[in-house]
Amino acid sequence: MPFFVVLCLILALIVQTGSPIQAVLVSPVFIYVGLAIAIGTIMGSFFKRLPEKISYDLFASSILLAWFAYWKPLFVADSPIFFFFPVYFALIVAFVSLFFIGQRHKIDRDSLQRMRSIVDSGVVEPSFVMVCVLVTLYFENRFIQFPTMMTLLTTRYALSGCLKPK
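Here's what I pulled together on the structure shown here. (Residues numbered from 1 in each chain as written. Predicted model: local features only at pLDDT ≥ 70, side-chain atom pairs only at ≥ 80, totals over all residues. Heavy atoms only, no water.)

### Quick word on the nonpolar core
Ranked by size, the top nonpolar core spans 47 residues in total, and within it F4, I63, W67, F146, M150 and L153 carry the most contacts. The biggest single contributor to this core is helix α4 (residues 52-71), with 10 residues. In this structure F4 touches D57, A60, S61, L64, F89, V93 and M150, once residues within four positions along its chain are discounted. (Core = buried A, V, L, I, M, F, W, Y, C linked by side-chain atoms within 4.5 Å. Buried < 20%, exposed > 50% of the residue type's maximum accessible area, 1.4 Å probe, protein only. Helix = DSSP H or I, 4+ residues; strand = E, 2+ residues; numbered from the N terminus. Contact = heavy atoms within 4.5 Å.)

Right, dumping it as structure tokens:
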């Protein structure tokens, strides 16, 4: 999810510096475009029309823009979540990519079989996790649910990345 990480860091920089670009990013256009891309990505993931790697990156990036545009006007001007959440997302994706996906050749056969059985069971279907992330976008009063579901999405991304052939 390289595009998502870069977008997170750019968004954190824009918020931290108090850039006037924030006024553009909170326009309703970003909400609707972000949601449309996110819903399209969920459908593409559900029907297996998009490669997993692209669907995770596209969904996470679009939902991040929709989240920012939807939530920023609802909170006080200097609310720290708009700086810390994107930094957290970038760090968690970088950690997962480096220490799990990047080290998948070190995973033993038994662990790979267990991971494969989890994926085959359909318990953590990517499209279901994406829908859960999308739903938590509307719970601005319970602001910790969104990053929690994004962490679950990142975990699912790591799971699928570890199961890809080397």
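Back to the write-up after that little detour.
### Quick look at the pattern of salt bridges
Side chains that differ in charge, positive against negative, can pair when their charged atoms come close. Here the structure, examined in full by the defined rule, presents two salt bridges. K48 is paired through a salt bridge with E125; the nearest N and O atoms lie 3.1 Å apart. Here E125 lies in the loop between α6 (109-121) and α7 (126-136) and K48 lies in the loop between α3 (28-46) and α4, a separation of 77 residues in the sequence. The class for K48 is exposed, based on a relative accessible area of 57%. On the accessibility criterion, E125 (25% relative accessible area) is partly exposed. For the salt bridge of R114 with D110, the shortest nitrogen-to-oxygen distance reads 3.3 Å. (Salt bridge = Lys/Arg side-chain N within 4 Å of Asp/Glu carboxyl O.)

### Section: the packing of helix α1 (residues 2-17) against α4
Between α1 and α4, the shortest axis-to-axis distance is 8 Å and the interhelical angle comes to 20°. Looking at the two axes, α1 sits roughly parallel to α4. In this structure, α1 meets α4 at a crossing whose hand is right-handed. Here P2, F3, F4, L7, C8, L11 and V15 of α1 come into contact with α4, specifically with D57, A60, S61, L64, L65, W67 and F68. Counted by class, the contact of α1 with α4 contains 12 nonpolar, one polar and one charged residues. (Axes fitted to C-alpha atoms, helices over the stretch in contact; angles between N-to-C directions. Parallel < 35°, antiparallel > 145°, perpendicular 65-115°, else oblique. Left-handed = near helix turned anticlockwise from the far one by under 90°. Nonpolar A, V, L, I, M, F, W, Y, C, P; charged D, E, K, R; others polar.)

### Let's talk about the packing of α7 against helix α8 (residues 145-163)
Contact geometry for α7 and α8: axes closest at 8 Å, N-to-C directions at 165°. What the angle tells us is that α7 and α8 run roughly antiparallel. The way α7 lies across α8 gives a crossing that is left-handed. Along the contact surface, α7 presents P126, V129, M130, C132, V133 and T136, while α8 presents Q145, F146, M149, M150, L152, L153 and R156. Residues of the contact of α7 with α8, tallied by class, amount to 10 nonpolar, two polar and one charged.

### Description of the environment of V93
Note on placement: V93 falls in helix α5 (residues 81-101). For the pair V93 and I21, spaced 72 residues apart in sequence, the C-alpha separation works out to 25 Å. Setting aside chain neighbours within four positions, we find V93 in contact with M1, F4, V5 and T154.

### Concerning the side chain of S62
Looking at the element boundaries, S62 is found in helix α4. S62 sits in the buried class, given a relative accessible area of 5%. Residues contacting S62, with those up to four places away along its chain left out, are G34, I37 and A38.

### What about the packing of aromatic side chains?
This structure, assessed with the given rule, holds 19 aromatic pairs. A centroid spacing of 6.2 Å and a plane angle of 40° characterise the contact between F85 and F89, whose relative ring orientation is tilted. With F85 and F89 both in helix α5 and four residues apart, the pair spans about one turn of that helix. Assigned by exposure class, F85 and F89 land together as buried. Between F89 and F146, the aromatic rings sit 5.9 Å apart at their centres with planes inclined by 75°, giving edge-to-face as the arrangement. Taken together, the positions of F89 in helix α5 and F146 in helix α8 put the pair 57 residues apart, joining distant regions of the chain. Residue F89 shares its accessibility class with F146, and that shared class is buried. By way of ring pairs, the aromatic residues F4, W67, F68, W71, F75, F82, F85, Y88, F89 and F146 are connected into one cluster. (Phe/Tyr/Trp six-rings, centres within 6.5 Å; stacked < 30°, edge-to-face > 60°.)

Interpretation note: all reported values are geometric properties and have no functional meaning in isolation.
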